[in-house]
Amino acid sequence: RKEVEQDPGPFNVPEGATVAFNCTYSNSASQSFFWYRQDCRKEPKLLMSVYSSGNEDGRFTAQLNRASQYISLLIRDSKLSDSATYLCVATTRVDSSYKLIFGSGTRLLVRP
Amino acid sequence: DTAVSQTPKYLVTQMGNDKSIKCEQNLGHDTMYWYKQDSKKFLKIMFSYNNKELIINETVPNRFSPKSPDKAHLNLHINSLELGDSAVYFCASSQVAGAPSTDTQYFGPGTRLTVL
């Protein structure tokens, strides 16, 4: 079983739509969670951290449910520029350090 | 100025060859990483160095050897390249190694390696 699982999509939505991505993680000891965005043939970039209380950054809302080991990302009022792959990330401690465990990504296509 | 840079951007080579990829960060970070993203788009950590010291070494063939001459540089040398090594290799850096909740990893633009 993959440590972080995501629906690969693609999600094909019109501009202005609301779209939600889900992600599950298998390691209950994971402490921190993030959403990264990766454009085609580019490097991943941090979109936002995910907190248990839920957090919002403009049109983006992230939520964490530790009991269900479930993470979500909601994008409201989709823009063409939101088209990208969204990577769900959990951290695992390694001695005094940590490593990022990436999901395989969910692809979003926003059409005019 | 590019924060995390890698060279070369593209690398096409024959099986059995030895090649190196270089990475430099000008963010003053203490920790650097190498990741591999395969054709299925899975991004997996390979190595992590903190202040030139190896702290994470995933199950990676011995043919892969990272080298950190100083904390701003982390190079990756690959011996006897195989077809399965074809992938995009990303370098990344972060300020601290042990505080994921407050730390951000910055990725380089990637090196697309094709082994023929």
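A.B. asks: Sorry if this is basic, but what is going on with the overall build of chain B here?
C.D. replies: Helix and strand content of chain B: 0 helices and 11 strands. Ordering the α and β elements of chain B from the N terminus gives β-β-β-β-β-β-β-β-β-β-β. Relative to a compact globule of 116 residues, whose C-alpha radius of gyration would be 13 Å, chain B shows 13 Å and is just as compact. The principal-axis extent of the C-alpha atoms belonging to chain B is close to 40 × 30 × 30 Å. Out of the 116 residues belonging to chain B, those deemed buried represent 46%. Residue pairs in contact within chain B that sit at least 24 positions apart in sequence constitute 56% of those at least 6 positions apart.

A.B. asks: Looking at this structure, how should I read the sheet that holds strand β6 (residues 55-57) of chain A?
C.D. replies: In a beta sheet, neighbouring strands pair by backbone hydrogen bonds and run either parallel or antiparallel. All names here are of chain A. Spatial ordering of the open sheet is given by β1-β3-β8-β7-β6, a layout of 5 strands whose pairing is antiparallel. For this open sheet the edge positions go to β1 (4-6) and β6, each flanked by a neighbour on one side alone. Neighbour to neighbour, the strand axes of the sheet diverge by 20° on average, direction disregarded. Here strand β7 (residues 60-65) pairs with strand β8 (residues 70-75) via 6 bridges, running antiparallel. Its bridge partner being in β8, Gln63 is matched across the sheet by Ser72.

A.B. asks: Got a minute to help me understand the pairing of strand β11 (residues 111-115) of chain B in this structure?
C.D. replies: Side-chain direction in a regular strand flips from residue to residue, so the side chains alternate between the two faces of the sheet. All names here are of chain B. The two faces of β11 differ: Thr111, Leu113 and Val115 on one face are buried, but Arg112 and Thr114 on the other face are not. When strand β2 (residues 10-13) meets β11, the two strands line up parallel, connected through 4 bridges. Bridge pairing links Thr13 to Val115 in β11. Strand direction decides the pairing type here: strand β9 (residues 87-94) and β11, joined by 3 bridges, are antiparallel. Its bridge partner lying in β11, Ala87 is registered against Leu113.

A.B. asks: What is the right way to read the nonpolar core from this model?
C.D. replies: Side chains that are nonpolar tend, in soluble globular proteins, to be buried together. Formed by 24 residues in total, the largest nonpolar core has its most connected members in Phe21(A), Trp35(A), Ile71(A), Leu73(A), Ile75(A), Tyr86(A) and Leu108(A). Those elements that place two or more of their residues in this core are β3 (19-25), β4 (33-38), β5 (44-50), β7, β8, β9 (84-94) and β11 (106-111) of chain A. If sequence neighbours within four positions are ignored, Ile71(A) has contacts with Phe21(A), Asn22(A), Cys23(A), Tyr25(A), Phe33(A), Trp35(A), Val50(A), Gln63(A), Leu64(A) and Cys88(A). By size, the runner-up hydrophobic cluster in this structure holds 20 residues, among which are Met32(B), Met46(B), Ile78(B) and Val115(B).

A.B. asks: What am I meant to see in the interface of chain A and chain B here?
C.D. replies: Accessible area lost upon the coming together of the parts is a frequently used measure of interface size. Contact with chain A, which involves 22 residues of that partner, is made by 27 residues of chain B. Both faces combined, the contact of chain A with chain B buries some 2000 Å², and carbon together with sulfur accounts for 55% of it. When residues of chain A are sorted by the area they lose upon contact with chain B, Arg41(A), Tyr98(A) and Phe102(A) head the list and together hold 29% of the total. At the boundary of chain A and chain B, one finds 1 salt bridge. Residues Lys99(A) and Glu58(B) are paired through a salt bridge, measuring 2.8 Å at the closest nitrogen-oxygen approach. If you look at where chain A meets chain B, you find 2 residue pairs in polar contact (both at pLDDT 80 or more). Elements with a minimum of two residues in the side of chain A that touches chain B: β4, β5, β9 and β10 (97-102) of chain A. Residue contributions to the side of chain A that touches chain B peak at 5 residues, all from β10(A). For the side of chain A that touches chain B, the residue count by class is 9 nonpolar, 7 polar and 6 charged.

A.B. asks: Mind showing me how you'd approach the side chain of Ser94(B) here?
C.D. replies: Along the polypeptide, Ser94(B) turns up in strand β9. Classification of Ser94(B) as buried rests on a relative accessible area of 0%. Leaving out residues up to four positions away in the same chain, Ser94(B) has contacts with Tyr98(A), His29(B), Asp30(B), Thr31(B), Tyr33(B), Asp103(B), Thr104(B) and Gln105(B).

Scoring rules and cut-offs
Residues numbered from 1 in each chain as written. Chains lettered and ligands numbered in written order. Predicted model: local features only at pLDDT ≥ 70, side-chain atom pairs only at ≥ 80, totals over all residues. Heavy atoms only, no water. Helix = DSSP H or I, 4+ residues; strand = E, 2+ residues; numbered from the N terminus. Rg over C-alpha atoms; globule rule 2.2 N^0.38 Å. Buried < 20%, exposed > 50% of the residue type's maximum accessible area, 1.4 Å probe, protein only. Contact = heavy atoms within 4.5 Å. Pairing = 2+ DSSP bridges. Axes fitted to C-alpha atoms, helices over the stretch in contact; angles between N-to-C directions. Core = buried A, V, L, I, M, F, W, Y, C linked by side-chain atoms within 4.5 Å. Buried area = accessible area lost by both parts, 1.4 Å probe. Salt bridge = Lys/Arg side-chain N within 4 Å of Asp/Glu carboxyl O. Polar contact = N/O pair within 3.5 Å; in protein donor to acceptor, adjacent residues only side chain to side chain. Nonpolar A, V, L, I, M, F, W, Y, C, P; charged D, E, K, R; others polar.

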